[in-house]
Amino acid sequence: MLKKPCMAEITEKTRGEVQKIVYEFFADECEVDVSEISDQTNIIKDLDGDSLMFLELIEIFKKKYNLQIELKTIGKYAVKHPVETIGQLIDMQLLIIEYEDRILELD
Amino acid sequence: MLTSYTVFVFPAFVRDYSDDTSFLVEGFTALFREKLIQASNLVDRDLTFFHPENQTFLDHELRTQYIAFIYGCSISEILQERGVSPELLCGYSMGIYAGLVQGGAVSFENGLLLIRHAFQEISYTTMTGRFGMAGIIGLKESDILKILYGFPMVEISNQNSAYSFVLSGPQKELEEALTLARDEGAFHARMLNVTIPYHSHLLKSAALQFAKFVYSIDVHSLKLPMISVLNQEIIHSQEDIKTELVENLYKHFNWYATQQKMIEMGMHRIIECGPGKSLKKNSKFIDGNYQFLSLEEVLK
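S.K.: Go over the sheet that holds strand E1 (residues 6–10) of chain B, please, and point to the residues and values.
M.R.: All names here are of chain B. Judged by pairing direction, the sheet is mixed, and its six strands sit side by side in the order E8-E7-E2-E1-E10-E11 without closing on themselves. Each end of this open sheet is capped by a strand with a single partner; those strands are strand E8 (234–235) and strand E11 (291–293). The sheet contacts of helix H3 (residues 61–81) involve E1 and strand E10 (269–272), and relative to E1 the element is tilted by about 160°.

S.K.: Explain the sheet that holds strand E4 (residues 155–161) of chain B residue by residue, including any values.
M.R.: All names here are of chain B. On the basis of which strands lie adjacent, the open sheet formed by five strands has the order E6-E3-E5-E4-E9 and mixed pairing. Each edge of the open sheet is held by one strand with a lone partner, namely strand E6 (188–191) and strand E9 (253–254). In terms of strand pairing, E4 meets strand E5 (residues 164–170) through five bridges, oriented antiparallel. Residue pairing for E5: Ile156 is matched across the bridge by Leu167. Lying on the sheet, helix H7 (residues 171–184) is in contact with strand E3 (131–137), E5 and E6; it crosses E3 at an angle near 15°.

S.K.: Any chance you could break down the pairing of strand E2 (residues 88–91) of chain B for me, citing the residues and the numbers?
M.R.: The side chains of a regular strand alternate, first on one face of the sheet and then on the other. All names here are of chain B. Neither face of E2 is open: one carries Leu88 and Cys90, the other Leu89 and Gly91, and all of them are buried. Sheet topology note: the E1/E2 ladder contains four bridges and is parallel. Following the sheet pairing, Val7 is matched in E2 by Leu88.

S.K.: Outline helix H8 (residues 204–214) of chain B, supporting the account with residue identities and numerical values.
M.R.: Residue and element names in this part refer to chain B. Where H8 is concerned, the buried positions are Ala206, Ala207, Phe210, Ala211, Phe213 and Val214. The arc that holds the buried residues of H8, viewed along the axis, is 155°, so those residues lie on one side. Exposed residues on H8 whose side chains face more than 90 degrees from its buried face are Leu208 and Lys212. Buried residues in H8 make contact with helix H4 (96–102), helix H5 (108–126) and helix H9 (238–250).

S.K.: Just give me the short version of empty space enclosed by the protein, but keep the residues and values in it.
M.R.: Over the atoms a probe the size of a water molecule is rolled, and this reveals where empty space is left. Residue and element names in this part refer to chain B. Applying the stated rule across the entire model yields four cavities of 30 Å³ or more. Estimated volume of the largest cavity: approximately 60 Å³. Taken together, Asp19, Asp20, Thr21, Ser22, Gly274, Pro275, Gly276, Lys277, Ser294, Leu295 and Glu296 form the lining of the largest cavity. Its volume calculated, the second largest cavity comes out at about 50 Å³. Contributing to the lining of the second largest cavity are Pro11, Ala12, Gln65, Ala68, Phe69, Met94, Gly95, Tyr97, Ala98 and Ile115. Every element with two or more residues in the lining of the second largest cavity is listed here: H3 and H4. Of all the elements, H3 adds the most residues to the lining of the second largest cavity, at three residues.

S.K.: Give a detailed account of unusual backbone geometry, specifying residues and quantitative values.
M.R.: Positioned with a positive phi, A:Asn66 is a non-glycine residue whose angle comes to about 50°. Within the fold, A:Asn66 resides in the loop between helix H2 (51–64) and helix H3 (71–80). Its identity as a non-glycine residue notwithstanding, B:His199 has a phi of 60°, on the positive side. Note on placement: B:His199 falls in the loop between E6 and H8. B:His199 gets classed as buried once you look at its relative accessible area, which sits at 1%.

S.K.: Quick one: what's the story with the interface of chain B and chain A, residue by residue and with numbers?
M.R.: At the interface, 18 residues of chain B touch 18 residues of chain A. For the pairing of chain B and chain A, the buried interface totals around 1,500 Å² over both sides, and the portion due to carbon and sulfur atoms is 61%. In terms of surface lost to chain A, no three residues of chain B exceed B:Phe187, B:Lys284 and B:Phe285, which account for 39% of the buried area on that side. Residue B:Lys140 is joined to A:Glu70 by a salt bridge in which the shortest nitrogen-to-oxygen separation is 3.2 Å.

Parameters and conventions
- Residues numbered from 1 in each chain as written.
- Chains lettered and ligands numbered in written order.
- Predicted model: local features only at pLDDT ≥ 70, side-chain atom pairs only at ≥ 80, totals over all residues.
- Heavy atoms only, no water.
- Pairing = 2+ DSSP bridges.
- Helix = DSSP H or I, 4+ residues; strand = E, 2+ residues; numbered from the N terminus.
- Contact = heavy atoms within 4.5 Å.
- Axes fitted to C-alpha atoms, helices over the stretch in contact; angles between N-to-C directions.
- Buried < 20%, exposed > 50% of the residue type's maximum accessible area, 1.4 Å probe, protein only.
- Arc of directions from axis to C-beta.
- 1 Å grid on protein atoms, 1.4 Å probe; cavity = no way out; pocket = protein on both sides within 12 Å on 5 of 7 lines; lining within 4 Å.
- Points joined across faces, edges and corners; volume = space filled by probe spheres on them.
- Buried area = accessible area lost by both parts, 1.4 Å probe.
- Salt bridge = Lys/Arg side-chain N within 4 Å of Asp/Glu carboxyl O.

None of the figures reported here should be taken as evidence of function without further support.
Okay, structure coming up:
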């Protein structure tokens, strides 16, 4: 089990913030009403999402939470833990906020 | 220094028409059909069979270039009829031909013939092997260059944003490089649906043959400045244009740097003269006070 030195604490408030950003981002990008998005929404099949959107979203979170993590680290994690739904994306984003560059050590 | 603020950008070739809203704009369809028939009579009779959902048609590399060219010219003309004029032109890759037509440097007919001749020369040069292009998203340039060290025939042919690159080269080597890119943490590493390694040294001999045609046709100075995607300099004279046309086939370009330069020049309104939004999507990674718009968005 990985210890968590100096890592961000994920509170309900953080989870709510992340969820709101993700929902609003995809609603705007994919031109759908935010009420049509849920944690079960499939990013590619339902929203026609793509990797550029994923990249843009990560940049938003890197700036907002001042994250010290390289994109390729997230890419390596995502290869082992593929994300299909909005809910999975939110969970992964919370792990990135919590563990930053140490996220690969979770495996 | 330019003080005005609108640039028309012409995409290269488009296979996805799902974002297209041009047909909603009054007058577009009639003008597009008129130009399509004109082009059909000159270069390819089958062009009139174009339909945005005809995948066989869209998989034909030369035809998709013709269609993007006709789209670009039609959109630009409609915009100017409605009083929207650019202060700058920019051709993304093979979008240069439509840009030159709109800038008055070459005729619509010669634009089509340039596309045909370039494609013919490239086809002769690449007929002995299997080539292509690939996209990588999520790695830095330095990471990609390390990967390419083992593949000397593959090169970065374009940078779309800080973490989005296009590669050109032999197909087998590209596929191997993509595997390494995925291992290195790329979010996206896939072959593009083209069989030609545009903007790579592999096309240098084709470009030299193409130059014979470029220097045989009427090319006039541009009425509007055009920014080069190769070096971000302003193109204006006949000689600049001819050089750009030839080098555009085999030299790398940098779309990221070109967008940054246009914004620095005060281009606050970037209009994508094509049926898709692919260039607009890439623009999101550039900060600045500007809007990236489609035909319909401009005329709303």
